[in-house]
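For reference, the chains in residue letters:
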Amino acid sequence: MQERIKPRWLVELVATWGYVQRNYYLTKRYFMWELVWLVYVTANAMTITFIGAGAQDVAGIQINTGRYMTYLLIGALIWSYLSMLFDVLSETVSWERWEGTIEYTFMSPTSRVTHLLGMGIYAVLYGIAQTAIMLGVISLFFELDLSHANYLGALVVLAICSVSLLGFGIVAAVLPLLSPEKGQQVSYIVSALLLLISGIYYPVKVLPEWMQFMAQFSPVTYALRGIRDALLNGASLRELWGSIWPLMVMGAVFVPLGLGVFHLGESYAKRTGKLKRSG
Amino acid sequence: MAHRLGEAGSEGAAVRQRESSAMNALELRGVEKSFKKRRSEVVRALDSVSFTVGRGEVVGILGPNGSGKSTLVRVISTLVVPDAGSVRVFGVDAIRHPKTVQRSMNRVSVEASFFKKLSAMENLLYGAKLYGVTTREAKPRIKEILDNIGFDRKRASEPMEHLSRGMQQKIALARALLTSPVLMLLDEPTTGLDPRSKRDVQAFIRRIKAAHDSSILLCTHDMDEAEELCDRVGIMVDGRILALEEPEKLKRRYARDGHVPSLEETFMAATGYTVEEASA
């Protein structure tokens, strides 16, 4: 007879790796769909960048086309990455419901933080790989104006934004627990609103005032502002602080808030029997 | 006893210590659960359910579809919180300390809850990791279990969706066994299987019963299965457990004019359902 007792932290660590590995296996099995999606998002980013290439002809005025194209491409790439993080986290529940594994996962002894952390780590790794491939392909087609770029500054902003957006995604992930019928649809609306108000393809100041007000609460707004400053203007980390601190505050608020809300949502679903229900 | 791998810290150890004492593996007292449906309709799924499962005992719950068997299993496995009553697993309050009791139990349900595109091996490794069991620890155990259930190891690398229902259910049992649970919850594990697969799965449950130290709660509407596998059998109707006794005692309870009925006749007398109606 042999008893091997593991410390709690090691059990949670093994489970975190389990979630990452499971998602990797799923990506492998759905490889053709992944490829289709990669082609779609790459073509989409190129289409948006071509809008910049044609802007001078369409508007009939002299503009810095190279800078405008880089501005648009940064928006397309960063949105592709951040929206993917948001989608992976927000679909945590509905995805497992669709596969039929939600009860097995939710009755396992590891913590929900571990579950969501595993999902988040995979989303970041997947997002980095996808964005790097997109950038590699797109750079073959366009001459981008990155002569002043501060890449380190851009990466710092992106990393901090990733944390706050994961928290945002966890808040959205609770929606399918509250309403199996409508929860996931609402999270798609949240994603669409982030796209609208966060200044992805235009400066936030062109939006109506009420949208500008809403944009203050989107981490994507600060991420894009900071990353564009770093890549287009070569802003130093000190100069990027105005974008970094709101992201840090949002991360500090959204991650615990997301975990707290998810815990309440899970308790509600277990009281009302909505964990299993698919609609 | 099987190797206990992936045991999660002091709380899990506490369950193991309690497990070794004489207390019941499972104890339910006055458990009630109602669900609100649309138009304010309330369905009472569990109505003052009380029973125990002793250590190493196999208890069967027979009941027609919709009688509350699956809700009962979900309450014990911490997936549904009851409105009233208590659930204790080796003396630990499952409602107040769900994570502690989750470490000591596993469940096999009527639906194969797997990632259909992943292989059996990938699903097993994932399931093991959720309980803290690493790939290196799990692989020899998986080989051993698959050999025991007569599952061709070469097929373990095929996607689950390529396997028959019977094979999927064997993998579900293997996954549950992989985490060395001291309490196993089997919710209609043979429903919908062809006769041969059903016999294989039942034989596997018998082997678990003989070789492992697990206590088992088996919900089914298969009378032969209940009679053959269970030490005690209960009948559940409309969320209530009408009787819970050894199969022979249960049958004698419904004896008429000196004729001891079969378990099927006993079930019909107690519930008013035929076996066909019960499984419809």
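These numbers were taken from a predicted model, which means no experiment stands behind them.

Draft legend 1. Here's a closer look at the environment of Ala235 of chain A. Residues and elements named next belong to chain A. Of note, Ala235 is situated in the loop between helix H11 (219-233) and helix H12 (237-272). The buried category is assigned to Ala235, whose relative accessible area is 8%. Those residues in contact with Ala235 that sit more than four places away from it in its chain are Asn150, Asp229, Ala230 and Leu240.

Draft legend 2. Representation of the sheet that holds strand S11 (residues 240-245) of chain B in the model. Residues and elements named next belong to chain B. Pairing is mixed across the open sheet formed by six strands, whose spatial order is S7-S8-S9-S4-S10-S11. Strand pairing shows two members of the sheet lacking a second neighbour, strand S7 (105-108) and S11, which therefore form its edges. Sheet twist, expressed as the average angle between the axes of neighbouring strands with direction ignored, equals 15 degrees. Both strand S4 (residues 58-62) and strand S9 (residues 215-220) contribute to a ladder of five bridges, which runs parallel. Residue pairing in the sheet places Gly60 in a bridge with Leu218 of S9.

Draft legend 3. Inspection of unusual backbone geometry at higher detail. Residues and elements named next belong to chain B. We note that Phe90 has phi near 45 degrees; this positive angle belongs to a residue other than glycine. Checked against the element boundaries, Phe90 lands in the loop between strand S5 (84-89) and strand S6 (92-93). A relative accessible area of 1% places Phe90 in the buried class. Even without glycine at this site, Asp238 takes up a positive phi of about 50 degrees. Turning to its location among the elements, Asp238 is positioned in the loop between strand S10 (232-237) and S11.

Draft legend 4. Just the sheet that holds S5 of chain B, in detail. Residue and element names in this part refer to chain B. Taking strand neighbours across the sheet as the criterion, the four strands line up as S3-S2-S5-S6 in an open arrangement whose pairing is antiparallel. A strand with exactly one partner marks an edge of an open sheet, and here the two such strands are strand S3 (42-53) and S6. Judged from the eight bridges that link them, strand S2 (residues 26-36) and S3 form a sheet pairing that is antiparallel. Of the residues in S3, the one forming a bridge with Lys36 is Val42.

Draft legend 5. How the structure looks around a nonpolar patch on the surface. Judged by side-chain polarity, Trp241, Trp245, Met248, Val249, Val253 and Leu257 of chain A come together as a nonpolar surface patch covering roughly 580 Å² of accessible area. Topologically, Met248 of chain A is positioned in helix H12.

Draft legend 6. Focus on the pattern of salt bridges. Residue and element names in this part refer to chain B. Evaluated as defined, the whole model comprises 26 salt bridges over all chains. Here Arg153 ties to Asp147 by a salt bridge, and the two come within 3.0 Å at their closest N and O atoms. Judged by its relative accessible area of 44%, Asp147 falls in the partly exposed class. Taking the shortest distance from any N to any O, the salt bridge between Arg155 and Glu158 comes out at 3.0 Å. Its relative accessible area of 25% is what places Arg155 among the partly exposed residues. Within the structure, one salt-bridge network assembled from shared partners comprises Glu32, Arg44, Asp47 and Arg240.

Draft legend 7. Representation of the pairing of S2 of chain B within the structure. All names here are of chain B. Taken together, S2 and the strand that follows it, S3, pair antiparallel across an intervening segment of five residues, in which Arg39 is found at a positive phi of about 60 degrees. In this sheet, S5 lies alongside S2 in antiparallel orientation, the contact comprising five bridges. Bridging across to S5, Leu28 finds its partner in Val87.

Draft legend 8. Here's a closer look at the pairing of S4 of chain B. Residues and elements named next belong to chain B. S4 sits mainly inside the fold: five of its five residues count as buried. Alternating positions in S4 separate into two faces, Val58, Gly60 and Leu62 on one and Val59 and Ile61 on the other, with burial throughout. With four bridges joining them, S4 and S10 adopt parallel strand pairing. Directly across from Gly60, in S10, lies its bridge partner Val233.

Draft legend 9. Representation of the packing of helix H1 (residues 8-29) of chain A against helix H6 (residues 112-139) of chain A in the model. All names here are of chain A. The interhelical angle for the contact between H1 and H6, taken along N-to-C directions, is 45 degrees, at an axis separation of 8 Å. Relative to H6, the element H1 is oriented oblique. Two packed elements cross with a definite hand, and for H1 against H6 that hand is right-handed. On H6, the residues touching Glu12, Ala15, Thr16, Tyr19, Val20, Arg22, Asn23, Tyr24 and Thr27 of H1 are Thr114, His115, Leu117, Gly118, Met119, Ile121, Tyr122 and Tyr126. Among the residues forming the contact of H1 with H6, the class breakdown is nine nonpolar, six polar and two charged.

Draft legend 10. View of the interface of chain B and chain A. In this assembly, 48 residues from chain B lie in contact with 42 residues from chain A. The contact between chain B and chain A buries some 4,200 Å² in all, and 57% of this surface belongs to carbon and sulfur atoms. The largest contributions to the chain B side of the interface with chain A come from Leu79, Phe115 and Leu130 of chain B, which together make up 16% of the buried area. Of the charged contacts in the structure, one is a salt bridge between Glu103 of chain A and Arg107 of chain B, with a shortest N-O distance of 2.8 Å. Remark: the boundary between chain B and chain A carries 17 residue pairs in polar contact (both at pLDDT 80 or more). Listing elements by their share of the side of chain B that touches chain A, those giving two or more residues are strand S1 (4-8), helix H1 (9-20), S2, helix H3 (98-102), S7, helix H4 (120-129) and helix H5 (135-148) of chain B.

Draft legend 11. Seen up close, the nonpolar core. One finds Leu82 of chain A together with Leu26, Leu72, Ile76 and Leu217 of chain B to be the most contacted residues of the largest nonpolar core, which totals 144 residues. The leading source of residues in this core is helix H7 (residues 151-173) of chain A, at 11 residues. Apart from residues lying up to four places away in sequence, Leu82 of chain A is in contact with Leu158, Cys161, Leu165, Val220 and Ala223 of chain A. Ala45, Met69, Met134 and Ile138 of chain A belong to the second largest nonpolar core, which has 11 residues in total.

About the thresholds
- Residues numbered from 1 in each chain as written.
- Chains lettered and ligands numbered in written order.
- Predicted model: local features only at pLDDT ≥ 70, side-chain atom pairs only at ≥ 80, totals over all residues.
- Heavy atoms only, no water.
- Helix = DSSP H or I, 4+ residues; strand = E, 2+ residues; numbered from the N terminus.
- Buried < 20%, exposed > 50% of the residue type's maximum accessible area, 1.4 Å probe, protein only.
- Contact = heavy atoms within 4.5 Å.
- Pairing = 2+ DSSP bridges.
- Axes fitted to C-alpha atoms, helices over the stretch in contact; angles between N-to-C directions.
- Patch = residues over 30% accessible without salt bridge, like charges linked within 9 Å, V, L, I, M, F, W, Y side chains within 5 Å.
- Areas by Shrake-Rupley, 256 points an atom, 1.4 Å probe, with all protein chains shown as cover.
- Salt bridge = Lys/Arg side-chain N within 4 Å of Asp/Glu carboxyl O.
- Parallel < 35°, antiparallel > 145°, perpendicular 65-115°, else oblique.
- Left-handed = near helix turned anticlockwise from the far one by under 90°.
- Nonpolar A, V, L, I, M, F, W, Y, C, P; charged D, E, K, R; others polar.
- Buried area = accessible area lost by both parts, 1.4 Å probe.
- Polar contact = N/O pair within 3.5 Å; in protein donor to acceptor, adjacent residues only side chain to side chain.
- Core = buried A, V, L, I, M, F, W, Y, C linked by side-chain atoms within 4.5 Å.

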